[in-house]
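Chains, contacts and geometry: an overview
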Amino acid sequence: MGNFSGMIGSKVVLDAALEHGTPFYLYDEQAIAGNCRRLLAMPNAYGLTVRYAMKANSNRSILKIISRQGLKIDASSMNEARRAAAAGIPYKDIILTTQEVPCDGEMLSLQEMIKSGLKYNVCSLRQLFNIGDFAAANKVALAIRIHPGVGSGESASRNTGDNYSCFGIHLYDLDKALGFAKEKGIVFDHVHIHIGSGGDPIAWRDNIDLELNIIERHFPDALTASFGGGLKVARMPDEEAADIEGLGRYAKERLEGFFQKTNRRLEMEVEPGNYVVALAGFIVTRVIDKKKTGGDGLNFLVLDGGMELNTRPLLYAARHPFYVVSKSGDLLYSDFDDAGGHSAGSYTAVPVGKCCETGDSQSLDSAGLNLPRKMAEPEVGDFFVIGGAGAYCSSMSPMNYNSHVQAAEVLYSPGGLQVIRRRQSLEQLMANEA
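Heads up: these notes are all about the structure in this document.

Conventions we followed
- Residues numbered from 1 in each chain as written.
- Predicted model: local features only at pLDDT ≥ 70, side-chain atom pairs only at ≥ 80, totals over all residues.
- Heavy atoms only, no water.
- Axes fitted to C-alpha atoms, helices over the stretch in contact; angles between N-to-C directions.
- Helix = DSSP H or I, 4+ residues; strand = E, 2+ residues; numbered from the N terminus.
- Parallel < 35°, antiparallel > 145°, perpendicular 65-115°, else oblique.
- Left-handed = near helix turned anticlockwise from the far one by under 90°.
- Contact = heavy atoms within 4.5 Å.
- Nonpolar A, V, L, I, M, F, W, Y, C, P; charged D, E, K, R; others polar.
- Buried < 20%, exposed > 50% of the residue type's maximum accessible area, 1.4 Å probe, protein only.
- Pairing = 2+ DSSP bridges.
- Core = buried A, V, L, I, M, F, W, Y, C linked by side-chain atoms within 4.5 Å.
- Salt bridge = Lys/Arg side-chain N within 4 Å of Asp/Glu carboxyl O.

Let's shift gears to the packing of helix α6 (residues 125-137) against helix α7 (residues 174-184). Here α6 crosses α7 at 10 degrees, and the two axes come no closer than 10 Å. Regarding the angle of α6 to α7, the classification is roughly parallel. For the crossing formed where α6 meets α7, the hand is right-handed. Residues Leu-125, Leu-128, Phe-129, Gly-132, Asp-133 and Ala-136 of α6 touch α7, and the partners they reach there are Lys-176, Ala-177, Phe-180 and Lys-184. Residue composition of the contact of α6 with α7, grouped by class: 6 nonpolar, 1 polar and 3 charged.

Here we come to the pairing of strand β14 (residues 299-303). Of all 5 residues in β14, 4 are buried; the element is thus mostly enclosed. In this structure, strand β13 (residues 281-292) lies alongside β14, joined through 5 bridges in antiparallel fashion. Across the sheet, Val-287 pairs through a bridge with Leu-303, a residue of β14. The hairpin turn running from β13 into β14, its antiparallel successor, is 6 residues long, and Gly-294 in that turn takes a positive phi close to 85 degrees. Bridge count between β14 and strand β17 (residues 348-352): 3 bridges; the pairing is parallel. What sits directly across from Phe-300, in β17, is Val-350.

Next up on the list: the nonpolar core. Tyr-52, Leu-142, Ile-144 and Phe-219 are the most contacted members of the largest nonpolar core, which totals 101 residues. Residues within four places of Tyr-52 in sequence aside, it is in contact with Asn-57, Ile-62, Leu-63, Ile-66, Leu-71, Lys-72, Ile-73, Asp-74, Pro-272, Gly-273, Val-276 and Val-277. Listed in part, the 19 residues of the second largest apolar core include Ile-8, Val-12, Leu-14 and Phe-24.

All right, on to the pattern of salt bridges then. Throughout the structure, instances matching the rule amount to 20 salt bridges. For Lys-92, the salt bridge goes to Asp-93, with nearest N and O atoms at 3.5 Å. Of the residues examined, Lys-92 reaches a relative accessible area of 55% and is grouped as exposed. With relative accessibility at 16%, the residue Asp-93 sits in the buried group. Lys-184 serves as the salt-bridge partner of Asp-133, at 2.6 Å between the closest nitrogen and oxygen. One end of the pair, Asp-133, is in helix α6; the other, Lys-184, is in helix α7, and 51 residues separate them in sequence. Lys-184 gets classed as partly exposed once you look at its relative accessible area, which sits at 30%. Linked through salt bridges whose partners overlap, the residues forming this network are Lys-72, Lys-92 and Asp-93.

Below you can see the structure in the form of structure tokens.
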């Protein structure tokens with residue numbers, strides 16, 4: 001038997017697999033709670049709000065764990081806000097930052113959410129124009145997301161701040177937004193810039209300076225500076241995670257300097273998703289076949305779950321750590337322990353799923369080609385575990401491709417194993433077809 005990280009080890013994997021069958025997502029409650037506490041302990045000058053970017057993983061039980069620790073919610077859609085409310089989180093603890101432009105019945109629904117305390121973060125001129133009369137009549141202060149024209153992310157598709165992304169009101173249009181707000185008597189008390197996911201920590205620090213300059217010049221009523229999320233996590237042994245204590249100290253110094261210069265105290269806000277849940281989650285699959293493409297070809301491990309469980313390798317060439325667990329529960333290999341009996345030796349393979357898609361692989365390079373990885377050679381029936389899967393795996397999965405059903409989600413806590421989402425049935429998959 002052996003441990004992966006936190007409370008999850010090969011014995012937990014074996015027990016969960018025998019009880020629930022593969023494939024499934026497996027989450028470590030204590031690891032999630034610990035990540036929340038570390039975020040809340042970030043240095044700050046005049047107060048700190050930590051919001052969980054619930055798009056990372058929206059399961060109701062996960063939301064409840066995070067909310068109990070004291071984190072609030074960053075929702076990316078009205079339905080996410082509704083799901084958070086259904087999990088018992090009051091609207092006053094939710095900010096809505098969305099690309100949606102609600103109208104008719106949805107606009108009425110948005111207005112009711114705002115009346116119940118939801119913070120609306122306008123991300124386009126049209127959103128601002130549409131909500132303007134309501135905000136003015138009800139004296140509702142709004143948040144505003146600024147598009148700074150510069151950004152940083154682990155890949156181009158995770159950069160949300162440069163001119164190739166369309167999130168927020170670009171600085172080019174800021175005068176229009178401010179002019180409209182002044183005409184209507186609308187106050188912006190919350191300014192938000194999010195430059196991307198998992199990018200360069202130096203760029204994250206630079207964004208603090210950029211945002212404070214924008215607030216000083218344009219937002220005299222701002223009470224909160226939200227520096228976004230995107231705090232990098234180290235899924236792989238050779239990756240370096242963001243130093244959140246160091247980033248907090250930098251932000252604290254800059255906010256104190258802002259006060260000395262302007263006599264204005266700003267509360268700091270961050271909205272991580274990955275940092276909260278990524279390393280607390282695993283995908284447990286079983287090896288169902290082994291193939292090889294000729295003498296000079298590649299070894300393939302066919303798993304009973306692949307891209308419909310984790311599409312990040314296909315989307316981003318993202319890397320995840322691998323673990324091989326025998327049918328009896330022995331840890332045969334871990335990317336974090338390539339020694340002490342868990343060595344890969346000379347065996348390399350590409351783990352793939354059962355979808356009819358060449359891209360259904362858990363190891364792809366930036367060109368979309370299969371990239372063999374070293375590991376201990378498993379037998380058919382052994383378990384293959386994919387780590388770093390707590391964020392943007394279940395929530396982003398193309399779950400019903402090839403009519404595969406949505407996998408179960410299982411939570412491990414000191415009280416044992418608990419199913420927090422049952423495996424979908426084929427009947428449920430077809431239920432809405434007419």
